[in-house]
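# Coordinate analysis (summary)
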Amino acid sequence: MNRREFGGTVMAAAALGSASHLSAAEQPRIQGSGSGFPMMHQGRLPEVGMLLYPGMTLLDLLGPQTVLSTSCNLHLVWKNTDLLETDTGIVLKPTKTLADCPSNLDVLFVGGGPGQIPVMTDPEVLTFMADRGSRAKYVTSVCSGSLILGAAGLLQGYKASCHWALHPAIAFFGAIPEQGRIVADRNRLTGGGVTAGIDFGLALLAKLLGEDIAKMMQLALEYDPAPPFDAGSPQKAGEKITRMVQDWLGPLSDNFATTCRTASREMSKYTPVK
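Cut-offs and rules
Residues numbered from 1 in each chain as written. Predicted model: local features only at pLDDT ≥ 70, side-chain atom pairs only at ≥ 80, totals over all residues. Heavy atoms only, no water. Salt bridge = Lys/Arg side-chain N within 4 Å of Asp/Glu carboxyl O. Helix = DSSP H or I, 4+ residues; strand = E, 2+ residues; numbered from the N terminus. Buried < 20%, exposed > 50% of the residue type's maximum accessible area, 1.4 Å probe, protein only. Phe/Tyr/Trp six-rings, centres within 6.5 Å; stacked < 30°, edge-to-face > 60°. Lys NZ or Arg CZ within 6 Å of the ring centre and 35° of its normal. pLDDT = per-residue confidence, 0-100. Contact = heavy atoms within 4.5 Å. Pairing = 2+ DSSP bridges. Axes fitted to C-alpha atoms, helices over the stretch in contact; angles between N-to-C directions. Lys, Arg positive; Asp, Glu negative; His and termini not counted. Polar contact = N/O pair within 3.5 Å; in protein donor to acceptor, adjacent residues only side chain to side chain. Left-handed = near helix turned anticlockwise from the far one by under 90°. Nonpolar A, V, L, I, M, F, W, Y, C, P; charged D, E, K, R; others polar.

## Looking at the pattern of salt bridges
Applying the stated criterion across every chain, the model contains 11 salt bridges. With its nearest N and O atoms 3.9 Å apart, the salt bridge here joins E178 to K159. Here E178 is found in the loop between strand 9 (176-177) and strand 10 (182-185), whereas its partner K159 is found in strand 8 (residues 159-160), with 19 residues between them in sequence. Residue K159 is classed as partly exposed on the basis of its relative accessible area, which comes to 36%.

Here you go:
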């Protein structure tokens, strides 16, 4: 087993908690993973649908998934339940197909990543998002995942955030761009770039189950950030570093912009949410 295969096995075990739904051939790869922390919440668990797709940003998912995992019933959803590779090479295994995902969710969630470009014009995925989003108590995203919500017609007239490098693109979908680590507008909750996922997850958990549960989870994770550099936003990083990152992301940003224009023209095919 090479390092990438080992990483994929560990991630699949952490994300799924149990191997009971896997074939006999797959089960030995993740035996002994256990269920991790005990549940923090008694009673009905909130139902959370989290869209996966090949090439998504792992941390967009993993931050919220970790925060919510001890208090919610999580469904990792894609077109099939085959293994899929994230942006860092870690492999995930969906637990539900689009068709099998519960119809009535407390939370619909999607993260971002370079793999979302084909997803933003995929009728099957966008129909699913529009359908579940029309009934979900909360419609949510982290990073550029908000552009998938937009493509599904779920952000028209709502304030929303996104990764700073793609922030203006939210306006293609009738949303109101607003910078912030977490932007809440009615039942829409959108997080900023990548690492905002933990903050987002805690804020969402507080809305679902109260601040005490969220604070317990923050302490259990010892989430007390003290980064070694103060360069986590363009304003703090300064012009030189910001330009270096923009140059690095340039081709990807151009692809996103082109896809957003195409997806915005197709948005009317999906049921908008009032």
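Next comes the rest of the account.
## Considerations on the packing of aromatic side chains
Working definition: an aromatic ring pair is given by the centre-to-centre distance plus the angle between the planes. For the structure on display, the rule yields one aromatic pair. Look at F109 and F200: their rings are 5.6 Å apart centre to centre, the planes differ by 35°, and that puts the pair in the tilted class. Here F200 lies in helix 6 (residues 196-209) and F109 lies in strand 6 (residues 107-110), a separation of 91 residues in the sequence. Each member of the pair F109 and F200 is classed as buried. Its guanidinium or amino end placed over the ring of Y158, R186 lies 4.1 Å from that ring's centre, counting from NZ or CZ.

## Regarding the confidence of the model for the chain
Looking at the chain, pLDDT values average 88 and 85% of them are 70 or higher. Throughout residues 1-34 the model reports pLDDT below 50, and contacts reaching past four residues in sequence, or to other chains, amount to 41 contacts.

## Considerations on the sheet that holds strand 6
Here we have seven strands laid out as an open sheet, ordered 5-2-1-6-7-11-10, and mixed in their pairing. Two strands bound the open sheet, and with one partner strand each, they are strand 5 (96-97) and strand 10. Across four bridges, the pairing between strand 10 and strand 11 (residues 188-191) is antiparallel. Across the sheet, the residue bridging to A184 is L189, located in strand 11. Along the sheet, helix 4 (residues 123-133) makes contact with strand 1 (47-51), strand 2 (73-78), strand 6 and strand 7 (138-142), crossing strand 6 at roughly 150°. Together, strand 6, strand 7, strand 10 and strand 11 form the strand contacts of helix 6, whose direction differs from that of strand 7 by roughly 165°.

## What about the side chain of D60?
Considering the arrangement of structural elements, one finds D60 in helix 2 (residues 58-68). Among buried Asp, Glu, Lys and Arg side chains, D60 stands out as unpaired, with R181 the closest opposite charge at 10.0 Å. Side-chain polar atoms of D60 contact the backbone nitrogen of G112, separated by 2.8 Å. Leave out the neighbours within four places in its chain, and D60 touches F109, G111, G112, G113, V142, C143 and V194.

## Here's the deal with the packing of helix 6 against helix 7 (residues 211-220)
Between two packed helices, both the angle of their axes relative to each other and the distance between the axes serve to describe the pair. Direction vectors running N to C along helix 6 and helix 7 enclose 145°, while the axes themselves pass 7 Å from each other. For the element pair helix 6 and helix 7, the recorded crossing hand is right-handed. Residue-level inspection shows L202, L205, A206 and L209 of helix 6 in contact with helix 7, the latter providing E211, I213, A214, M217 and Q218. Looking at the contact of helix 6 with helix 7 residue by residue, the class counts come to seven nonpolar, one polar and one charged.

## Focus on the side chain of T242
Here T242 shows up in helix 8 (residues 234-266). Here G238 takes part through its backbone oxygen, which lies 2.7 Å from a polar atom of the side chain of T242. Leaving out residues up to four positions away in the same chain, T242 has contacts with W164, P234 and A237.

## Considering unusual backbone geometry
The phi angle at C143 is positive, at roughly 60°, despite the residue not being glycine. Position of C143 among the secondary structure elements: in the loop between strand 7 and helix 5 (145-151). Judged by relative accessible area, C143 falls into the buried class, the value being 5%. Positive phi is not limited to glycine here, since E222 has a value of about 50°. Mapped onto the fold, E222 is located in the loop between helix 7 and helix 8. Its relative accessible area of 66% is what places E222 among the exposed residues.

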